[in-house]
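Architecture and fold: a report
One-letter residues, chain by chain:
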Amino acid sequence: MTPADYDFLRRLLKERSGLDLSADKQYLVESRLAPLTRRAGLAGIPELVVKMKGGAEALIKDVVEAMTTNETFFFRDKVPFDHLSGTVLPALLSARASRRHLRIWSAASSTGQEPYSIAMCLKEKAVELAGWRIEIVATDLSQQVLEKSKAGIYSQFEVQRGLPIQLLVKHFKQIGELWQINPDIRSMVQYRQLNLLQDFSHLGRFDVVFCRNVLIYFDQETKVSIFERIAKMMEPDGMLMLGAAETVVGMTDAFRPYPERRGLYQPNPARGARPGFGAMQPQLRVVAAR
Ligand SMILES: C[S@@+](CC[C@H](N)C(=O)[O-])C[C@H]1O[C@@H](n2cnc3c(N)ncnc32)[C@H](O)[C@@H]1O
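Just so it is clear, the structure is predicted and the values come from calculations on it, not from any experiment.

1. Side note on the domain arrangement of the protein
Partitioning the protein into structural domains gives domain 1 (3–68) and domain 2 (79–280). On a C-alpha basis, the centroid separation for the pair domain 1 and domain 2 is 30 Å. Contacts between the two partners involve 11 residues from domain 1, matched on the other side by nine residues from domain 2. Counting each side, the surface lost to burial between domain 1 and domain 2 is near 780 Å², with a carbon and sulfur contribution of 54%. Where domain 1 packs against domain 2, one counts one salt bridge. The closest approach of N and O atoms between K14 and D219, which form a salt bridge, is 2.9 Å. For the side of domain 1 that touches domain 2, the secondary structure elements donating two or more residues are α1 (3–17) and α4 (57–66).

Right, dumping it as structure tokens:
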């Protein structure tokens with residue numbers, strides 16, 4: 001790959017997915033795109049770049065997807081899910097006692113382990129949540145990971161990463177060497193393809209947002225824009241969960257850290273309420289927690 005090819009790919013990826021590659025990541029691009037070039041019957045990256053410059057949209061989409069990092073696992077980092085069960089849900093159960101409706105967004109859901117972990121946490125509170133409307137909306141840029149999520153089928157290796165054995169037994173069915181998550185958990189999650197660089201206000205207002213391990217790939221300006229737009233979609237007492245290497249501190253005052261809960265943030269009341277936003281709620285399919 002020539003320096004000009006690398007520059008072209010860097011610019012395209014930044015524009016299409018937000019991926020901010022430093023000048024020394026040629027090896028990463030080469031290793032991620034090699035299988036794709038082979039599959040497309042191309043001689044190498046220079047030929048791929050020529051086709052992309054010629055406007056081969058399907059190929060561009062494949063390149064953008066191939067460059068996403070989809071690493072994830074059930075109950076990743078554990079602490080966020082302890083916060084969800086021990087802090088966030090008890091607070092919202094009380095604050096929403098009359099409305100009995102909760103909306104949760106997993107904003108870069110990858111192959112589904114994050115939204116299904118959230119669903120399993122909610123299921124553990126089935127008694128308290130009986131009669132509530134629960135929506136878990138899971139979105140990702142990559143269509144490929146969304147397809148895997150919808151199927152809810154995981155390998156032995158994948159279910160061994162982070163998933164407690166009692167939850168495996170309770171919520172999964174074994175199919176040969178694979179494990180499929182049960183329909184009651186699967187139906188709690190709605191999947192949609194969504195690029196965080198684009199407008200997402202049509203998703204409506206959320207009580208809880210998980211936006212974990214995706215902002216790390218973006219530059220500061222992109223992170224700030226995403227934080228600001230997420231804040232506008234959150235209930236004033238809603239909660240934002242970030243990944244272990246992510247923070248809003250020093251970036252935006254749209255959120256403030258939740259006291260003594262690492263990775264958990266709340267919209268900053270100093271920014272003020274946003275009256276009338278509720279009118280933009282879309283009609284999403286609603287699934288009751290059983
Ligand atoms: C490392 S995974 C994180 C998965 C999960 N949140 C977790 O913490 O385990 C990052 C995900 O972000 C998605 N992604 C990358 N750029 C994106 C964008 N611009 N908009 C939406 N999703 C994006 C990738 O496709 C990938 O599935």
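2. Let's talk about the layout of surface pockets
Within this model, the largest pocket holds a volume of roughly 220 Å³. In this structure, the largest pocket is lined by R32, P35, L36, R39, D62, E65, A66, T68, N70, S142, Q144 and V145. Secondary-structure elements contributing two or more residues to the lining of the largest pocket are α2 (26–39), α4 and α7 (143–151). By residue number, the principal contributor to the lining of the largest pocket is α2, which donates four residues.

3. Side note on the packing of helix α5 (residues 79–95) against helix α6 (residues 113–123)
At their nearest, the axes of α5 and α6 sit 10 Å apart, and the two run at 40 degrees to each other. As summarised for this structure, α5 and α6 are arranged oblique, according to the angle between their axes. In the packing of α5 onto α6, the handedness of the crossing is right-handed. Taken together, the residues of α6 that come into contact with α5 (itself represented by F81, L84, S85 and L89) are E114, S117, I118, C121 and L122.

4. Examining the packing of aromatic side chains
Counted according to the given criterion, the structure contains eight aromatic pairs. Ring centres 5.7 Å apart and planes at 90 degrees place the aromatic pair F74 and F172 in the edge-to-face group. Placement of F74 in the loop between α4 and α5 and of F172 in strand β4 (residues 172–175) is noted, with a sequence separation of 98 residues between them. F74 gets classed as buried once you look at its relative accessible area, which sits at 0%. By way of ring pairs, the aromatic residues F74, Y154 and F172 are connected into one cluster. In this arrangement the basic side chain of R103 is found over the ring face of F206, its NZ or CZ atom lying 4.4 Å from the centre.

5. Structural notes on α4
Looking only at α4, the buried set comprises L59, I60, V63, V64 and E65. Tucked into the core, α4 has its buried residues touching α1, α2, α3 (45–53) and α7.

6. Observations regarding the packing of α3 against α4
Any two packed helices are characterised by the angle at which their axes cross and by the distance between the axes. Contact pair α3 / α4: the axes reach a minimum separation of 8 Å and the direction vectors enclose 125 degrees. Taken together, α3 and α4 sit at an angle that is classed as oblique. Relative to α4, α3 is oriented so that their crossing is left-handed. From α3, L48, K51 and M52 reach across to α4, where they touch L59, I60 and V63. Its residues placed into classes, the contact of α3 with α4 shows five nonpolar, no polar and one charged.

7. Some details on α1
Look at α1: 21 Å from first C-alpha to last across 15 residues, which is about the 21 Å you get at 1.5 Å a residue. Buried within α1 are the following residues: D5, Y6, F8, L9, L12, L13 and S17. Looking straight down α1, one finds its buried side chains confined to an arc of 160 degrees; they lie on one side. Facing away from the buried side of α1 by more than 90 degrees, the exposed set consists of P3, R11 and E15.

Conventions we followed
- Residues numbered from 1 in each chain as written.
- Predicted model: local features only at pLDDT ≥ 70, side-chain atom pairs only at ≥ 80, totals over all residues.
- Heavy atoms only, no water.
- Domains from an automatic or database assignment.
- Contact = heavy atoms within 4.5 Å.
- Buried area = accessible area lost by both parts, 1.4 Å probe.
- Salt bridge = Lys/Arg side-chain N within 4 Å of Asp/Glu carboxyl O.
- Helix = DSSP H or I, 4+ residues; strand = E, 2+ residues; numbered from the N terminus.
- 1 Å grid on protein atoms, 1.4 Å probe; cavity = no way out; pocket = protein on both sides within 12 Å on 5 of 7 lines; lining within 4 Å.
- Points joined across faces, edges and corners; volume = space filled by probe spheres on them.
- Axes fitted to C-alpha atoms, helices over the stretch in contact; angles between N-to-C directions.
- Parallel < 35°, antiparallel > 145°, perpendicular 65-115°, else oblique.
- Left-handed = near helix turned anticlockwise from the far one by under 90°.
- Phe/Tyr/Trp six-rings, centres within 6.5 Å; stacked < 30°, edge-to-face > 60°.
- Buried < 20%, exposed > 50% of the residue type's maximum accessible area, 1.4 Å probe, protein only.
- Lys NZ or Arg CZ within 6 Å of the ring centre and 35° of its normal.
- Nonpolar A, V, L, I, M, F, W, Y, C, P; charged D, E, K, R; others polar.
- Expected span 1.5 Å × (residues − 1).
- Arc of directions from axis to C-beta.

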